[in-house]
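What follows is each chain in one-letter form.
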Amino acid sequence: MLLSRHQVLAGRDRGPERLERSAYLLLSRIDTQGPMSIGQLAEAFGLDTSTVNRQTSALLRCGLAERVPDPDGGMARKLRITVEGGRRLAEDREVNQSCLARVVADWSPEEVRELADVLARLNRSAEALEGRHWPRAEEGDIHSACHSPIPQEPAAPTL
């Protein structure tokens, strides 16, 4: 709870650009897994579809996500992060990481690695109890897990 409070206090000066918690979580999941339907998001978070529908409607209104046809050819439209959504998510991730870096600034590299290992184990144990796995990059690829590619604007058609 103290760490969360520290991150909230450290990020409060960021103004209106700061993502709401639900937006951060939804965008993070879509960023990690790729385009997802409302039903898939509801299942991933164990929430009612009406709750996820309200939250995703806010993402759409703010231009942080967009509806796209299912890349796998399914009937349901899926949500994909926009360039603006990717930018804002990356900024929030950077703030969160810098807040944590300040907390552990006087720790040894070994202590930081130990914390990362224990937190990964804690996350996997929580996922196992819930029966919901959070997709992540390969274990050795920490850089890509923290800095997923941000979608690019589609190219303008040539005439």
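Anyway, here's the lowdown on the structure attached to this text. Sequence order as written defines the numbering, with residues in each chain counted from 1. Since the coordinates come from a predicted model, pLDDT governs what is reported: local features require at least 70, and pairs of side-chain atoms require 80 or more to be given and counted, while whole-chain, interface and lining totals use all residues. As a rule here, side-chain values come from all non-hydrogen atoms in the structure, and water together with hydrogens is ignored.

**Quick word on the environment of Ala44**
Okay, step 1: Under the scheme used here, helices are H or I runs from DSSP no shorter than 4 residues and strands are E runs no shorter than 2 residues, and both carry numbers assigned from the N terminus. Checked against the element boundaries, Ala44 lands in helix H3 (residues 38-45).
Okay, step 2: In this scheme, a residue with accessible area under 20% of its type's maximum is buried, one over 50% is exposed, and one in between is partly exposed, where area comes from a 1.4 Å probe on protein chains only. Relative accessible area serves as the criterion here: at 14%, Ala44 is assigned to the buried category.
Okay, step 3: Sequence spacing of Ala44 and Leu26 is 18 residues, and the spatial spacing of their C-alpha atoms is 9.7 Å.
Okay, step 4: In what follows, a contact means two residues having at least one pair of non-hydrogen atoms within 4.5 Å. Discounting chain neighbours no more than four positions away, the residues touching Ala44 are Arg29, Met36 and Arg132.

**Quick notes on the packing of helix H2 (residues 21-33) against helix H5 (residues 83-103)**
Packed helices, taken two at a time, are described by their axes: the angle between them and the distance between them.
Okay, step 1: Where H2 contacts H5, the two axes come as close as 10 Å, and the packing angle between them is 110°. As the angle between them shows, H2 and H5 are arranged roughly perpendicular. Mapping the contact onto sequence places Tyr24, Leu27, Ser28 and Asp31 in H2 and Gly85, Leu89, Asp92, Arg93 and Asn96 in H5.
Okay, step 2: Looking at the contact of H2 with H5 residue by residue, the class counts come to three nonpolar, three polar and three charged. Axis definition: a line fit to C-alpha positions, over the contact stretch in the case of helices; interaxial angles, taken between N-to-C directions, run 0 to 180 degrees. Angles are sorted into four bins: roughly parallel if under 35 degrees, roughly antiparallel if over 145, roughly perpendicular if 65 to 115, and oblique for all others. Residue polarity is assigned by list, with Asp, Glu, Lys and Arg as charged and Ala, Val, Leu, Ile, Met, Phe, Trp, Tyr, Cys and Pro as nonpolar; anything else, Gly included, falls into the polar class.

**A word on a negative patch on the surface**
Okay, step 1: On the surface, Asp106, Glu111, Glu114 and Asp117 cluster together into a patch of negative charge.
Okay, step 2: Among the secondary structure elements, Glu111 is positioned in helix H6 (residues 109-130). For patches, a residue must show more than 30% relative accessible area and have no salt bridge; joins then use 9 Å for like charges and 5 Å for nonpolar side chains, namely Val, Leu, Ile, Met, Phe, Trp and Tyr. Shrake-Rupley sampling with a 1.4 Å probe provides the accessible areas, and residues are treated as covered by the protein chains on show and by no other component. In the sections that follow, a salt bridge refers to a side-chain nitrogen of Lys or Arg positioned within 4 Å of a carboxyl oxygen of Asp or Glu. When charges are counted, Lys and Arg are positive and Asp and Glu negative, with His and the chain ends excluded. Every charge is mapped onto a representative atom, which is NZ of Lys, CZ of Arg, CG of Asp or CD of Glu.

**Structural notes on H5**
Okay, step 1: Multiply 1.5 Å by the residue count of a helix minus one, and that product is the helix's expected span. In this model H5 runs 30 Å from its N-terminal to its C-terminal C-alpha over 21 residues, within 8% of the 30 Å that 1.5 Å per residue would give.
Okay, step 2: All of the buried residues in H5 are Gly85, Gly86, Arg88, Leu89, Asp92, Arg93, Val95, Asn96 and Cys99.

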